[in-house]
Amino acid sequence: MKNKILITSALPYANGPIHLGHLAGCYLPADIYYRYQKLKNRDVIHICGTDENGVPITIEAERDKKSPQELVDFYYKHIKESFERLGIVHDNFSRTSIPLHHKNAQSFFKKVNDKNYIITKRTKQYFCPECKRFLADRYIEGTCPFCDSKEARGDQCENCGRWLDPENLISPRCKICGGTPILRETEHWYFRLDLLQPELEKWIEPKKHWKNNVKRFCRGWFKEGLVPRAITRDLNWGVPVPLEEADGKVLYVWFDAPIGYISSTMEWALRIGKPDRWKDYWLDSETSLVHFIGKDNIVFHAMVWPAMLIAHGDYVLPSEIPANEFLNIKGGKFSTSRKRAVWLHEFLDIFEPDLLRYALSVNLPENKDTDFDWDDFQKKVNNELANILGNFVNRTISFVNRVYSSKVPAAVNLSAEDREMLEYLLKTRGVIEDRIEAFELKKGIKALMELAKEANRYFDRTKPWETIKEDKEKCSRTINTCIQVVDGLAALMEPYLPFTSKKILGMLDIERNEWEKVGEPRIPENKKMGKIEILFKKVDDERIRIEKEKLGIEEAEMVEIISIDEFSKVEMKVATVESAEKVENTQKLVKMVVDIGGEKRQVVAGIAEFYSPEELVGKKIIVVTNLAPAKIKGIESNGMLLAATKDNELALLTIDKPIDVGAKVS
RNA sequence: GGCGGCGUAGCUCAGUCGGUUAGAGCAGCGGAAUCAUAAUCCGCGUGUCAGGGGUUCAAAUCCCUUCGCCGCCA
């Protein structure tokens, strides 16, 4: 490891709050790594910020009836505060909407452009006259040319799974306003990844120790061959392309976002009053540039971004890309857009930050996806943090308080047993170092818990509650050793459990030991203890029940997601009501004959309280035509009409423009 | 459609460039202890390592194939 380390964590997109999946994927590992390097006295900074450009933000803003700026202002603050509450430390937490970043991204673009790594291409793209904007592929819907599904997206038909070009869609419409988009010619700038492939391959080749997921990804891409990739978009939100002929174009988010790492470092340098300080990292080949990301970001950080840096030429390239897999929520995925998540800010309203830091650390998705589960969380807190770690600290300090009037007893002539305990502490320091350096953070926290267990075993073996009566010197050696271990634990846990570390140090009434000195006893005889407190309160069943219920409610609200396949099983048609009569002896039922286009059907529906038979006749309605026939009150019903209901209201679905009876609805 | 990944004890996960009786934590069962947040400590695992086939003296680990889940890409 080089002595200078620049850590970045993926810029969170400013369209929603942070959830546990984000944390486990990169923010928590980055923080643990950063805190550890700090303890090792390395020259290290941790840089991050929100990614605030791109189409989704403009659309989200529109939906919320806000300006994009208002939206990102809100989430910038929200995300920054959430991180702070969890103890995630950034030297600088910037944002990609600031002028500094715009300027920086533009000069990056210009330099790469001057070096001929950028070309232009004219293409035709759909433009929505209603929304007055070009539409990204996935914001166009239409009929799939292959399977006739009506709900195909511009990039892919989810019904038949085929990949599409938006121009091939039959009767395309704008997903946002429903209007009909038109093809319009536009010009875009493309980054010549193809030119850079040989250099990229040469660069990646020696990175043997990188994680498999990263290497595999790259191999796949190289095999297919890289192609020029569009780096501009027609949009009025983002970093304007710094060319006269590029009016109305902005840089594509994936191009400007990683440049944000540099901008954020520059902002940091300005903030600390040393404007050139950022160069010490970005322009020095002795810098180890470490990008913490989730696996969804591998392509950009292992291929595109290094290619950009090579093309630019001035900056260091990534040294490490410890990409994590995903943390799922009990089987399913976390999803910001679907609001299926355990949100960090809500979590912290209820639980101490270290509980989460522990539960996530010990189950980080380092090799494969892992699950977050509330029962599991409770067990980890109660059985591991509270019982093993918390209890060891507590039994030790309360022993000192009770037996030795809160003063640390002497350690004269340590026995082999005592020395073994201290050696275990020292050994654990080494294990944690090795594991963290190798980006196996999960093993580091496990080693810490092993130390706590070993300490409990030592306590039990040496039985101070007995030796206090028959061998006072031995007892005082034991307790002294335990105190030294508590002190060591406090230092070693700092990267993972910084809040708990502080609490313990408060109880010992001492500053944190230097990392390199952990293992050498340093708490002096007669040291007075500070105020004792319980480290971890247990999480009770009721709390967990509530949290699980919350998740359940959110799931219920979002209903089951069905595929277009499932949906298209339902056939619906426009129909006219030919005749209608109330079914006798019922309150709600109406019997109708409807024309569904060359075929008449008898349909029974429970709408009599809302529509009289007279007003129904002649109405054009929507009928499900392939529903299995059913008998209602002995009358056969051959279809179902559609109506919207809420509370005590009901409204029939109809059509807002004349169309022939029998027209399919989809 | 192509490419890739994953599927290991009741639960959460290690292990996989082939090699002794497949591991840990939690849960469970039995015991010890009582300083401590009824916490701790000791002992106890007959799992088709998703199914099937193959290579090998030897496979959870390599190859083929089926099933299930997931991701990436024109």
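Residues numbered from 1 in each chain as written. Chains lettered and ligands numbered in written order. Predicted model: local features only at pLDDT ≥ 70, side-chain atom pairs only at ≥ 80, totals over all residues. Heavy atoms only, no water.

### Quick notes on the overall build of chain A
Across its full length, chain A holds 20 helices and 27 strands. If you line up chain A on its principal axes, its C-alpha atoms span 105 × 75 × 40 Å. Across the 666 residues of chain A, 53% fall into the buried class. When contacts within chain A are restricted to residue pairs at least 6 apart in sequence, long-range pairs at least 24 apart make up 73% of them. Per element, the accessible surface of chain A, about 30,900 Å² overall, is 48% carbon and sulfur. Placing the 101 positive and 103 negative side-chain charges of chain A at their respective mean positions leaves the two points 2 Å apart. (Helix = DSSP H or I, 4+ residues; strand = E, 2+ residues; numbered from the N terminus. Buried < 20%, exposed > 50% of the residue type's maximum accessible area, 1.4 Å probe, protein only. Contact = heavy atoms within 4.5 Å. Areas by Shrake-Rupley, 256 points an atom, 1.4 Å probe, with all protein chains shown as cover. Lys, Arg positive; Asp, Glu negative; His and termini not counted. Charge placed at Lys NZ, Arg CZ, Asp CG, Glu CD.)

### Structural notes on the sheet that holds strand β6 (residues 140–143)
Taken together, 3 strands build an open sheet; the order of strands is β7-β6-β8 and the sheet is antiparallel. This sheet does not close on itself; its edge strands, each paired only once, are β7 (152–153) and β8 (170–174). Pairing between β6 and β8: 3 bridges, direction antiparallel. Across the sheet, glutamate 141 pairs through a bridge with arginine 173, a residue of β8. (Pairing = 2+ DSSP bridges.)

### A look at the packing of aromatic side chains
Going through the model one piece at a time under the given rule, you end up with 34 aromatic pairs. Judged by centre distance (6.0 Å) and plane angle (25°), the ring pair of tryptophan 254 and phenylalanine 300 falls under stacked. Highlighted residues: tryptophan 254 in helix α7 (residues 253–271) and phenylalanine 300 in helix α9 (residues 298–312), separated in sequence by 46 residues. You can call tryptophan 254 buried: its relative accessible area is 9%. Exposure remark for phenylalanine 300: the relative accessible area of 22% places this residue in the partly exposed category. What links up through ring pairs into an aromatic cluster is the set Phe108, Phe109, Phe191, Tyr252, Trp254, Phe255, Tyr261, Trp278, Trp282, Phe300, Trp305 and Tyr315. (Phe/Tyr/Trp six-rings, centres within 6.5 Å; stacked < 30°, edge-to-face > 60°.)

### A closer look at the pairing of strand β20 (residues 600–605)
Relative to β20, strand β19 (residues 590–595) runs antiparallel, the two sharing 6 bridges. In the sheet register, aspartate 595 faces β20, and the bridge partner there is lysine 600.

### Observations concerning the sheet that holds strand β9 (residues 182–191)
Spatially, 4 strands are ordered β5-β4-β9-β10 in an open sheet, and the strand pairing comes out antiparallel. The open sheet has two edge strands, β5 (133–134) and β10 (229–230), and neither has a second partner. Taken together, the 2 bridges between β9 and β10 define a ladder with antiparallel strand orientation. Bridging across to β10, tyrosine 190 finds its partner in alanine 230.

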